[in-house]
Amino acid sequence: MKRVWALAVAVLGLLAACSAPVDAPAEDDTFVIGLSSEFDTLNPVLGHAPDGGSPLFDGLVSRAADLSLRPALAREVPEVDGTTVTFRLREGVTFHDGTPLTSEDVAFTYNAVLDPANNSTIRGDYAAIEKVEAPDPQTVVFHLKHPYAPILQRATLGIVPKRLLEGQRLDAAAFNTRPVGTGPYRFVSWTPGDKIVLEANESYWGGAPEIKRLVLAFVPDDNARATRMAAGELDATVLPPKAAARFENQSGLHVHKVPSADYRGVMFPMKQPVTGDAAIRKALNLAIDRAAMVNTILAGAGEPAFGPIAPGTPWHNPAVTGSASPDREQAVRILEEAGWKPGPDGIRVKDGTPARFTLMYPAGDSLRKELALAVASDARRIGIDVRLAGLDWDAIEPRMAKDALIMGYGSPYDPDYVNYELFHSSYAGQGFFNPGHFSDPRVDELLEHGRATADEKERKHVYDEFQQRVHDQAPWAYLVYLKHVYVIRGEWTGIEPAVEAHEHATGGLFRNIHQWKRAA
Amino acid sequence: MSLSGALARLVAWRLAFVVPLLLVVTAAMFGLAKASPFDPVRQYLGERALVTSPEIREQIRANWGLDRPLAEQYLTWLGNLLTGDLGESRSFHRPVAEVIGERLGWTMLVTGAAIVLMLAAGLVLGTIAAYRQGSWADRLITGVAYASEAAPVFWIGLIAIWIFSVTLGWLPAGGLTDAGSATVTVGEVARHMILPVAVLAFSQSSWLVLFVRESVIGALREDFVIGARARGLRERTVLAGHALRSALLPFLTLLGARIPELVTGAILVESVFSWPGVAGTAVRAALAVDFPLLAALTLLATVAVVLGNLVADAAYVIADPRTRVLGVS
């Protein structure tokens with residue numbers, strides 16, 4: 001027996017020695033953020049924070065709280081003219097390793113995203129770009145395949161140094177976990193599965209951050225994150241609304257509920273007998289109790305949704321709205337007029353077809369499941385039978401043309417984002433693009449015109465009409481816009497909530513943490 | 001035959017056995033992955049899958065060689081493995097060897113410490129319970145053991161965090177080191193290990209306590225123990241030298257067979273305590289259908305189970321050289 005024990009102790013001792021510890025003094029000006037997921041990569045080319053929000057990287061432009069673009073690595077936000085866009089770079093910007101930023105780095109970054117060999121997850125977003133050139137060290141020229149107004153919104157992508165990545169296989173580059181950027185924070189260490197430590201870039205072109213050390217701790221479990229927030233180990237975190245409720249009205253803690261463009265809705269298959277009938281879709285839209293969804297399912301952290309473009313963004317059409325509480329009388333009237341009469345079992349019937357369809361939701365997503373249940377019970381009250389199916393995405397995908405689905409999308413940045421693919425008839429049935437086969441020639445025209453036109457006023461008209469037409473035909477029943485909930489310890493100035501995107505990778509409330517100052 | 005000779009034969013047999021076993025396991029895994037409805041490209045894109053065109057998805061599939069025949073994919077993977085190349089993890093964008101290398105140590109540290117703790121505590125508590133059979137100590141120990149057998153690991157973990165971190169503030173609630181520190185120090189890691197190790201050991205040791213208790217009670221009724229007592233040997237000698245020793249043999253095999261359970265326990269503990277181990281990585285690799293990583297981890301888990309059983313059998317042979325196990329004749 002003794003030998004076995006000695007062996008075990010020796011193995012443990014060896015392991016402890018292997019972890020190569022170094023002692024370091026504790027820092028006072030450290031700020032710890034608890035994140036719900038670890039980064040896949042810190043390389044912008046592979047998809048790290050393409051819409052801005054990385055503390056390590058800067059794009060050519062960045063976003064203000066009102067979502068307007070302002071210059072970052074570019075000296076000014078250029079005019080978009082046809083199919084070429086020219087950026088002039090800010091002078092004297094250096095990467096964290098001291099090497100100067102040049103237009104070669106910018107061109108390399110974009111061309112690397114476009115290179116199919118790199119398997120970049122964001123390549124599709126840059127499909128309008130033919131190539132990017134660097135005619136001189138301070139000038140970058142984007143050549144587009146077709147006029148594309150949102151190109152400036154795509155210029156938030158973080159710029160990487162060509163010198164450290166050229167000629168490497170990006171799938172396995174050391175840079176992916178030890179990045180070098182131009183941003184307000186420089187990379188210190190990444191303990192995989194645990195945290196990333198960053199320190200202030202004292203020579204940042206935008207001014208040195210007040211928080212000198214930033215720790216991004218990965219705590220995937222919502223309960224664990226709430227507990228560690230309560231235990232004082234985290235200075236800020238993002239939480240589901242219900243888990244954040246315990247922090248309301250606690251001294252020294254602030255709960256921020258930030259509006260987002262992140263909607264959940266029911267996508268209807270347009271070529272099916274029941275959901276293909278506009279009366280069914282409109283009646284459902286009226287019968288859904290959005291107020292109850294916001295209050296109970298989202299614990300108050302949300303808003304009712306009536307269209308694909310979020311309120312609070314410049315492109316929202318305020319005429320496209322509705323009532324948060326259901327209007328069942330009107331819904332029933334629409335159904336009766338369209339010939340859907342109650343059958344013996346309470347389910348409406350028209351020409352022998354019962355008002356019945358299947359609503360799918362991703363089984364692992366409890367929020368979407370609860371929304372699906374609510375939709376089914378609201379539908380039942382006006383005589384429509386909604387059958388639920390909780391499935392995995394891989395099982396959902398082939399059924400999307402046939403069955404309705406609880407989907408989530410939404411970007412606050414440009415109305416062309418996502419909507420073009422979701423509503424243009426040429427994308428019908430292409431994967432997750434326009435899965436319901438929505439087709440309307442006028443909407444096609446509007447979408448094409450909207451992306452090709454640089455004039456802001458004209459674009460606003462175009463997208464106002466687009467929203468109205470989508471509202472009138474109701475290919476979706478929009479349910480709710482989510483609010484993202486943050487808990488922050490201490491008093492800070494400079495926290496600027498902005499309407500957030502569906503994707504959480506944009507930094508959220510922390511996207512401008514380098515500008516936060518301790519309140520006196 | 002000498003003890004070392006027996007051990008050498010045991011090891012040689014097992015190693016000869018492990019190569020075909022690994023071939024079968026990995027081939028089966030390739031077949032299952034191919035047959036599964038999950039699309040690795042969709043998982044790789046994650047949320048981005050919704051805004052990525054089918055052409056780009058096809059391009060990635062082709063870049064990964066997923067459009068090749070299954071046998072070709074398997075042979076390529078096997079060939080790379082023989083040259084020491086485990087491939088690149090798709091969900092981490094890193095070489096698989098690095099991803100596993102930087103996490104395996106932390107998992108072994110926690111599970112290793114938990115094994116030691118649960119062995120020590122299990123033997124001591126089980127023996128006490130058996131020796132004082134029917135006393136309040138026995139009832140307490142068996143009661144807690146039954147309760148912990150029924151309680152899920154993550155629940156015990158959350159309770160422990162609530163008591164020791166939130167209420168008492170004695171121990172950190174999670175992570176490898178203090179959230180604010182940039183470096184990994186022995187002291188901090190040791191402090192952060194206490195709760196995960198204790199919870200893992202506590203949740204896995206109930207069967208052990210109950211087993212030791214039963215065996216020792218059985219042994220105490222054996223003739224040789226009664227005889228030893230009759231010869232006037234001290235109670236401690238009787239208990240440790242005679243009763244416990246004879247109770248230990250089957251227990252070693254049981255321990256080897258229980259290794260996989262310890263791994264599943266480690267997965268939950270790692271997730272509750274945000275511990276950066278390889279077990280959590282396995283879950284992530286499976287969810288992301290990160291095939292290169294999953295293949296390497298499956299290989300590793302198979303080897304761990306084989307080695308666990310080998311160590312148990314070796315210990316068995318050392319403890320009782322008369323033992324006959326596979327490979328020793």
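The model shown is predicted, which means the values in this text are computed figures rather than measured ones.

Caption draft 1: Representation of the overall build of chain B in the model. For chain B, the count of helices and strands is 14 helices and 2 strands. A principal-axis box enclosing the C-alpha atoms of chain B has dimensions of 85 × 55 × 35 Å. Across the 329 residues in chain B, those meeting the buried criterion constitute 50%. For chain B, the proportion of contacts with a sequence separation of at least 24, taken over those separated by at least 6, is 72%. Split by element, the accessible area of chain B, about 15,000 Å² in all, is 69% carbon and sulfur. The averaged location of the 23 negative side-chain charges in chain B is 9 Å from the averaged location of its 25 positive side-chain charges.

Caption draft 2: Structural detail: the interface of chain B and chain A. Contact residues are listed per partner, giving 68 residues for chain B and 64 residues for chain A. On the surface where chain B and chain A come into contact, there are 4 salt bridges. Put simply, A:D394 and B:R42 hold a salt bridge, and the shortest N to O gap is 3.6 Å. Linking chain B to chain A there are 6 residue pairs in polar contact (both at pLDDT 80 or more).

Caption draft 3: Representation of the sheet that holds strand 15 (residues 353-354) of chain A. Residue and element names in this part refer to chain A. Spatial strand order, 13-14-15: 3 strands in an open sheet with antiparallel pairing. Edge strands, defined here as strands with exactly one partner in the open sheet, are strand 13 (341-342) and strand 15. With 2 bridges joining them, strand 14 (residues 348-350) and strand 15 adopt antiparallel strand pairing. Within strand 15, the position partnered with K350 by the bridge is T353.

Caption draft 4: Structural context of the nonpolar core. All names here are of chain A. If you look at the biggest cluster of nonpolar residues, it comprises 68 residues, and the most contacted ones within it are L60, F87, Y110 and F142. It is helix 2 (residues 103-114) that provides the largest number of residues to this core, a total of 7 residues. Counting residues domain by domain, this core receives three or more from each of domain 1 (1-38 + 192-239 + 490-520) and domain 2 (41-179). Other than its neighbours up to four places away in sequence, L60 contacts P71, A72, L73, A74, F87, L89, V106, Y110, F142, A155 and L157.

Caption draft 5: Highlighting the UniProt feature "domain: Solute-binding protein family" (unreviewed entry) in chain A. In this structure's numbering, the residues bearing the UniProt feature "domain: Solute-binding protein family" (unreviewed entry) are residues 69-426 of chain A. Along residues 69-426 of chain A, the helical share is 23% and the strand share 25%, with 30 Å between the first and last C-alpha atoms.

Caption draft 6: Inspection of the domain arrangement of chain A at higher detail. Residues and elements named next belong to chain A. Partitioning chain A into structural domains gives domain 1 (1-38 + 192-239 + 490-520), domain 2 (41-179) and domain 3 (260-482). Taken over C-alpha atoms, the centre of domain 1 sits 39 Å from the centre of domain 3. Tallying the contact residues gives 5 residues for domain 1 and 13 residues for domain 3. Here domain 1 meets domain 3 over a buried area of about 610 Å², counting both sides, of which 58% is carbon and sulfur. For the domain 1 face of the interface with domain 3, the top three residues by lost area are V499, A501 and H502, together amounting to 80%. Where domain 1 packs against domain 3, one counts 0 salt bridges. The tally of links from domain 1 across to domain 3 stands at 1 residue pair in polar contact (both at pLDDT 80 or more). Broken down by class, the residue content of the side of domain 1 that touches domain 3 amounts to 2 nonpolar, 2 polar and 1 charged.

Caption draft 7: Summary view of the sheet that holds strand 6 (residues 139-144) of chain A. Residue and element names in this part refer to chain A. The strand order across the open sheet formed by 3 strands is 4-6-5, and the pairing between neighbours is antiparallel. On the outer flanks of this sheet lie strand 4 (84-88) and strand 5 (129-136), each paired with one strand and no other. Neighbouring strand axes in the sheet, compared pairwise and without regard to direction, differ in orientation by 20° on average. Inspection of the sheet shows strand 5 paired to strand 6 by 5 bridges, in the antiparallel sense. Residue I129 lies in a different strand from strand 6, and its bridge partner there is L144. Helix 2 contacts strand 5 and strand 6 of the sheet and is inclined by roughly 165° relative to strand 5.

Caption draft 8: Spatial organisation of the pairing of strand 8 (residues 195-200) of chain A. Residues and elements named next belong to chain A. In terms of burial, strand 8 is a largely internal element, 5 of the 6 residues being buried. Two strands pair when backbone bridges link them, and strand 7 (residues 185-191) and strand 8 are joined in this way by 6 bridges, in the antiparallel orientation. Pairing of F187 across the sheet is with L198, part of strand 8. Where strand 7 hands over to strand 8, the hairpin turn is made up of 3 residues, of which G193 adopts a positive phi near 80°. Relative to strand 9 (residues 213-218), strand 8 runs antiparallel, the two being bridged by 5 bridges. Bridge pairing links L198 to L214 in strand 9.

Rules used in this analysis
- Along each chain, residue indices are assigned from 1 in the same order as the chain's sequence is written.
- As they are written, the chains are lettered A onward and the ligands numbered 1 onward, keeping that order.
- Confidence filtering applies because this is a predicted model: local features only for residues at pLDDT of at least 70, side-chain atom pairs given and counted only at 80 or more, and all residues used for totals across whole chains, interfaces and linings.
- Here the side-chain values reflect all heavy atoms present in the structure, with hydrogen atoms and water set aside.
- Elements are defined by DSSP. Helices are runs of H or I of four residues or more, strands are runs of E of two residues or more, and each kind is numbered from the N terminus.
- Each residue is placed in one exposure class: buried if its accessible area under a 1.4 Å probe, protein chains only, is under 20% of its type's maximum, exposed if it is over 50%, and partly exposed if it falls in between.
- Should any heavy atoms of two residues lie within 4.5 Å, those residues are considered in contact.
- Only the protein chains shown count as covering a residue, and every accessible area follows the Shrake-Rupley method with a 1.4 Å probe.
- In summary, the charge assignment counts Lys and Arg as positive and Asp and Glu as negative, without counting His or the chain termini.
- Every charge is mapped onto a representative atom, which is NZ of Lys, CZ of Arg, CG of Asp or CD of Glu.
- Any carboxyl oxygen of Asp or Glu within 4 Å of a side-chain nitrogen of Lys or Arg constitutes a salt bridge here.
- Residues adjacent in sequence count toward polar contacts only when both atoms are side-chain atoms; beyond that, a polar contact is any pair of N or O atoms within 3.5 Å, and within protein one must be able to donate a hydrogen and the other to accept it.
- A pair of strands is labelled paired if DSSP reports no fewer than 2 bridges between them.
- To form a nonpolar core, buried Ala, Val, Leu, Ile, Met, Phe, Trp, Tyr and Cys residues must be joined to one another through side-chain atoms within 4.5 Å.
- Segmentation into domains, and thus their bounds, comes from an automatic or database assignment.
- UniProt positions are given in the numbering used here, feature names are shortened, and annotations may be inferred rather than shown by experiment.
- As used here, buried area is the combined drop in accessible area, with a 1.4 Å probe, of two parts when they are placed together.
- Residue polarity follows a fixed list, in which Ala, Val, Leu, Ile, Met, Phe, Trp, Tyr, Cys and Pro are nonpolar, Asp, Glu, Lys and Arg are charged, and the others, Gly among them, are polar.
- An axis is simply a line fitted to the C-alpha atoms; with a helix, the fit covers only the stretch in contact. Between two such axes, the angle follows the N-to-C directions and lies from 0 to 180 degrees.

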